2 protein chains.
Amino acid sequence: MIKVFGHKSPDTDSTGSPIIWAWYLTEVKGTPAKAVLLGEPNTEAAFVLKHWDLEKPEIISDVTADDSCVIVDTNNPAELPPSINEAKVVGIIDHHLLVGGIKTKSPIEITVRPLACTATIMHDLMGEDLARAPRGIKGAMLSCILSDTLEFRSPTTTAHDRAVAEKLAADLGVDIPAFAAELFAAKSDVSAFSDAELLRMDSKEYEIEGKQFRISVLETTAPQVLLDRKASLMASMPGVAQEDGADQVVLFIVDILREEATLLVPNDLVKTLAEKSFGATVTGDTVVLPGVMSRKKQIIPVLKL
Amino acid sequence: MIKVFGHKSPDTDSTGSPIIWAWYLTEVKGTPAKAVLLGEPNTEAAFVLKHWDLEKPEIISDVTADDSCVIVDTNNPAELPPSINEAKVVGIIDHHLLVGGIKTKSPIEITVRPLACTATIMHDLMGEDLARAPRGIKGAMLSCILSDTLEFRSPTTTAHDRAVAEKLAADLGVDIPAFAAELFAAKSDVSAFSDAELLRMDSKEYEIEGKQFRISVLETTAPQVLLDRKASLMASMPGVAQEDGADQVVLFIVDILREEATLLVPNDLVKTLAEKSFGATVTGDTVVLPGVMSRKKQIIPVLKL
């Protein structure tokens, strides 16, 4: 039984894409596979599972040398189970830059494309077999694309992602604006989470000038809810950084509707980061970055100290 | 202008595939590209260029940060230009295990498949656009597949590689056995090469138990020509190893027609390697390994000390 999983902080794409691909491997390719998660799905992903009546995948903490795995939505060992390079990785489907840490024991199937969403790549790989997919699989695919593109607002969106989503929505009879609003409302409901959980919810580790950063993003249609928790979020950063072996946590609150990010500025290190990376003028403990919505396209490539 | 290249010891696949993909990028995708080589093509690749009336690509020694590159037939930095991780890698098409050394600055197109030949993957990626390819491009594609599969004898051969080759041969009016015999005769003509050149001609670096090995393979229909040079080939191994920063050169002479490999055994290290890896009984300075034809499938996975 092949285990299909995404990264450690399961958002919609990292929850939905394993379900889509496990269905395809099992039902179309005849290769038994199951989706698993490396952590609790976020509120949006939990909404997607419920909305499309999909079973929540089992959460696993590691893999062994006996496990065959397909990795989706990441190729970064830091975001994967600790023993990933001992397991038998049989496939990778991803849309992120290659970080160069995964090794395989033999040639495998790897498909990386500069698209907004893993599910769009799966759509292309499945071709006409997608027609056989049940409603829940197509719904998961549509949800992944709307989530990763922030309803086509993110600059990562390609014409192809949009065309695939619109085709799926028409097929399913889904009204995109209404459904996306439900998705984003679910994502914006952060009341149940501690500050530390929010800082780790959508976070990627990156090294800048020898320093380890946790670059965290929270996408929301209700930024004020998060900004009201600004003081305690900043107070939680040092503890989270220390526990995770990082030097600094950096939090961007992305306002999906206004298409801007607010960066919390707890100290001089982040102030310098904001000024050098974005040419921003920082006067208080937050700074607004107009137009910034994508960590991949607009944050990571410009970060410097 | 995108530079498309394979590995440092250009065989037929690493010479032909860049030509095929540069044609596709330029003529179909409208993205100007040119094939380049990282060294002199081997005798078989030189025959293929001449046979299909293809221009020999320029040989380059390095790339710069200004270069956009597509890497084909490898993903191993040791087999690529020294500055590869400074260049802008925009695509990778390969059929080898992932060694994990290439990093990209943004998400790019990566396609790795467990097929025998890079050109087969290109065939699939090109789809119906292949119909527009001139005879030389289709001929290069057929040549790559026949070369990498040793005319379907290598255990790396998949039914799909074979089907693609047979379709191309029918389209081109090529008799596969006759053409493959010409290919292998060209590959077997090693008279012009020094011992050091032969040891480096088709060679991959691998680490076993902390020791660096150069695992070299020479595929031939005339093994006796090489075995007659056994003493001087073995005498050249320490010098080549030292120059290349390796501990040992290991040479397998693959007899394409008898479907077996003869391993030269210059010392106790290689004797131990042969015994532990292949369960072979070594009495002299060579050992025959029946059925062994593929470094990827039958040599690398079993090597141990």
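Residues numbered from 1 in each chain as written. Chains lettered and ligands numbered in written order. Predicted model: local features only at pLDDT ≥ 70, side-chain atom pairs only at ≥ 80, totals over all residues. Heavy atoms only, no water.

**Regarding the domain arrangement of chain A**
All names here are of chain A.
Okay, so step 1: In terms of domain boundaries, chain A breaks down into domain 1 (2-186) and domain 2 (195-302).
Okay, so step 2: The straight-line distance from the C-alpha centre of domain 1 to that of domain 2 is 25 Å.
Okay, so step 3: Across the contact, 16 residues belong to domain 1 and 15 residues belong to domain 2.
Okay, so step 4: Of the roughly 1,500 Å² buried between domain 1 and domain 2, counting both surfaces, carbon and sulfur atoms make up 59%.
Okay, so step 5: Area buried by domain 1 at its contact with domain 2 is led by Leu150, Arg153 and Pro155, which between them contribute 35% of it.
Okay, so step 6: Linking domain 1 with domain 2 are two salt bridges.
Okay, so step 7: The partner of Lys204 in a salt bridge is Glu79, and the shortest N-O contact between them spans 3.2 Å.
Okay, so step 8: The interface formed by domain 1 and domain 2 contains three residue pairs in polar contact (both at pLDDT 80 or more). (Domains from an automatic or database assignment. Contact = heavy atoms within 4.5 Å. Buried area = accessible area lost by both parts, 1.4 Å probe. Salt bridge = Lys/Arg side-chain N within 4 Å of Asp/Glu carboxyl O. Polar contact = N/O pair within 3.5 Å; in protein donor to acceptor, adjacent residues only side chain to side chain.)

**With respect to the state of the cysteines**
Okay, so step 1: Per the counting criterion, the structure on display carries zero disulfides over all chains.
Okay, so step 2: Lacking any disulfide linkage, Cys117 of chain B is separated from the closest cysteine sulfur, that of Cys144 of chain B, by 5.0 Å. (Disulfide = S-S within 2.5 Å.)

**Some details on the sheet that holds strand E1 (residues 2-5) of chain A**
Okay, so step 1: Strand order in the open sheet formed by 12 strands is E3(A)-E2(A)-E1(A)-E4(A)-E5(A)-E6(A)-E6(B)-E5(B)-E4(B)-E1(B)-E2(B)-E3(B), with mixed pairing between adjacent strands. Across the chains shown, the open sheet's two edge strands, defined by having one partner strand only, are strand E3 (58-59) of chain A together with strand E3 (58-59) of chain B.
Okay, so step 2: In the sheet, strand E5 (residues 88-94) of chain B pairs with strand E6 (residues 109-112) of chain B via four bridges, with the strands oriented parallel. What sits directly across from Asp94 of chain B, in E6 of chain B, is Val112 of chain B.
Okay, so step 3: On the sheet, helix H1 (residues 12-28) of chain B packs against strand E1 (2-5), strand E2 (33-37), strand E4 (68-72) and E5 of chain B and is oriented at approximately 170° with respect to E2 of chain B. (Pairing = 2+ DSSP bridges. Helix = DSSP H or I, 4+ residues; strand = E, 2+ residues; numbered from the N terminus. Axes fitted to C-alpha atoms, helices over the stretch in contact; angles between N-to-C directions.)

**Focus on the sheet that holds strand E11 (residues 286-290) of chain B**
All names here are of chain B.
Okay, so step 1: On the basis of which strands lie adjacent, the open sheet formed by five strands has the order E7-E8-E9-E10-E11 and mixed pairing. The sheet is open, and its two borders are formed by strand E7 (203-208) and E11, each paired with just one other strand. The average angle at which neighbouring strand axes cross in this sheet is 25°, direction not considered.
Okay, so step 2: Pairing of E7 with strand E8 (residues 211-220), which is carried by six bridges, proceeds in the antiparallel orientation. Within E8, the position partnered with Glu205 by the bridge is Arg214.

**Considerations on the environment of Ser147 of chain A**
Okay, so step 1: Mapping Ser147 of chain A onto the fold places it in helix H4 (residues 135-149).
Okay, so step 2: When its relative accessible area of 4% is taken as the criterion, Ser147 of chain A is described as buried. (Buried < 20%, exposed > 50% of the residue type's maximum accessible area, 1.4 Å probe, protein only.)

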